[in-house]
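Residues per chain, in single letters:
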Amino acid sequence: MSSLRVGIGVDAHAFEDGAPLVLGGVRFESSRGLAGHSDGDVITHALIDAVLGAAGLADIGSLFPSDGSTPVGVSSLDLLRAALEQVREAGWSVVNADCILIGQEPRIANRRGEMEQLLSDLAGGPVTVRATTTDRLGFTGRGEGLAAQAVALLARA
């Protein structure tokens, strides 16, 4: 078995008026946030699925179902902590991860460092956060919601 493993994660949520907008664990000032059972943080959700997949574990929905056993409005950072604990118990550590937010807004450049530091500290390895638009194509381009993708490289601990 290889001592390195790669995982990919994807998440998407619709915008909802009055909901908090949390991305990469950082709260943004906005009149609308992302709908979801948790805080709707698409960046952190994609990262969770990436590390879980690389470790050969279940996906985020299996670990944290929206059936009532996971508290409504739970911080995605708490979910990431729990997922990383399982990854470490399975004998893996994060080498690095890369996350990309897909949407027209918000602009994240001024908060990118904050997100990267927070996620890197939790992951125990460098996590980068970037953003792109779809040039107004699809649900993200029409401003109906946001999506994110992440890739994580793990090493046998």
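Above this text sits the structure in question.
Quick summary incoming for the structure in this document. (Residues numbered from 1 in each chain as written. Predicted model: local features only at pLDDT ≥ 70, side-chain atom pairs only at ≥ 80, totals over all residues. Heavy atoms only, no water.)

### A short note on the overall build of the protein chain
For clarity, the cut-off: Starting at the N terminus, helices and strands are each numbered in turn, a helix being any DSSP run of H or I of at least four residues and a strand any DSSP run of E of at least two. Using C-alpha atoms as the atom set, the radius of gyration is obtained and then compared with a globule rule of 2.2 Å times the number of residues to the power 0.38. Each residue's exposure class comes from its accessible area (1.4 Å probe, protein chains only) as a fraction of the maximum for that residue type: buried when under 20%, exposed when over 50%, partly exposed otherwise.
Across its full length, the protein chain holds 5 helices and 7 strands. For the protein chain, the sequential pattern of α-helices and β-strands runs β-β-β-β-α-α-α-β-α-β-α-β. Its C-alpha radius of gyration of 15 Å places the protein chain within 12% of the 15 Å reference for a compact globule of 157 residues. Seen through its principal axes, the protein chain has C-alpha atoms that stretch 45 × 35 × 25 Å. Sorting the 157 residues of the protein chain into buried and exposed places 46% on the buried side.

### Concerning the pairing of strand E7 (residues 145-156)
For a regular strand, side-chain orientation follows a simple rule: the groups alternate between the two sheet faces. Quick reminder of the rule: By definition, two strands form a pair when at least two bridges between them are found by DSSP.
Pairing of strand E1 (residues 4-17) with E7, which is carried by 11 bridges, proceeds in the antiparallel orientation. Looking at the pairing, Asp-11 lines up with Ala-148 of E7. Of the strand pairs in this sheet, strand E5 (residues 92-102) and E7 are connected by 10 bridges, and their pairing is antiparallel. When the bridges of E7 are listed, Cys-99 appears paired with Ala-150.

### Comments concerning the sheet that holds strand E4 (residues 32-34)
Heads up, the rule is: Here an angle of 0 to 180 degrees is reported between the N-to-C directions of two axes, which are lines fitted to C-alpha atoms, with helices fitted over the stretch in contact. Any two residues having at least one pair of non-hydrogen atoms within 4.5 Å are treated as being in contact.
Taken together, the 5 strands give an open sheet; going across it, the order is E4-E1-E7-E5-E6, and neighbouring strands pair in mixed fashion. Whereas interior strands pair on both sides, the edge strands pair on one side only; in this sheet they are E4 and strand E6 (127-132). Strand-to-strand twist in this sheet, taken as the mean axis angle between neighbours without regard to direction, amounts to 20 degrees. Strand direction decides the pairing type here: E5 and E6, joined by 6 bridges, are parallel. The residue bridging Cys-99 from the neighbouring strand is Val-129, located in E6. The sheet contacts of helix H1 (residues 42-54) involve E1, E4, E5, E6 and E7, and relative to E1 the element is tilted by about 155 degrees. Strands in contact with helix H4 (residues 112-123) are E5 and E6; relative to E6, the strand with the most contacts, it is inclined by about 140 degrees.

### A look at H4
This is how it is decided: Multiplying 1.5 Å by the helix residue count minus one yields the expected span of that helix. Read the arc as the range of directions from the helix axis to the C-beta atoms.
The end-to-end C-alpha distance of H4, which contains 12 residues, comes to 16 Å, matching closely the 16 Å that a straight helix rising 1.5 Å per residue would cover. For H4, the full list of buried residues reads Met-115, Leu-119, Ser-120, Leu-122 and Ala-123. For H4, the buried positions fall inside an angular range of 160 degrees around the axis, keeping them on one side. Structurally, H4 contributes buried residues whose contacts are with strand E2 (21-23), strand E3 (26-28), H1, helix H3 (76-89), E5 and E6. Immediately beyond the C-terminal end of H4, within one or two residues, lies Gly-124, with a positive phi of roughly 80 degrees.

### Here's the deal with the nonpolar core
To be explicit about the condition: Here, nonpolar core refers to any group of buried Ala, Val, Leu, Ile, Met, Phe, Trp, Tyr and Cys residues whose side-chain atoms link them within 4.5 Å.
Grouped together as the largest cluster of nonpolar side chains are 42 residues, with contacts concentrated most on Leu-23, Ile-43 and Leu-47. Elements with a contribution of two residues or more to this core: E2, E3, H1, H3, E5, H4, E6 and E7. For this core, the element with the most residues is H1, which contributes 9 residues. Beyond its immediate sequence surroundings of up to four residues, Ile-43 is in contact with Leu-23, Gly-24, Cys-99, Leu-101, Met-115, Leu-119, Val-129 and Ala-148.

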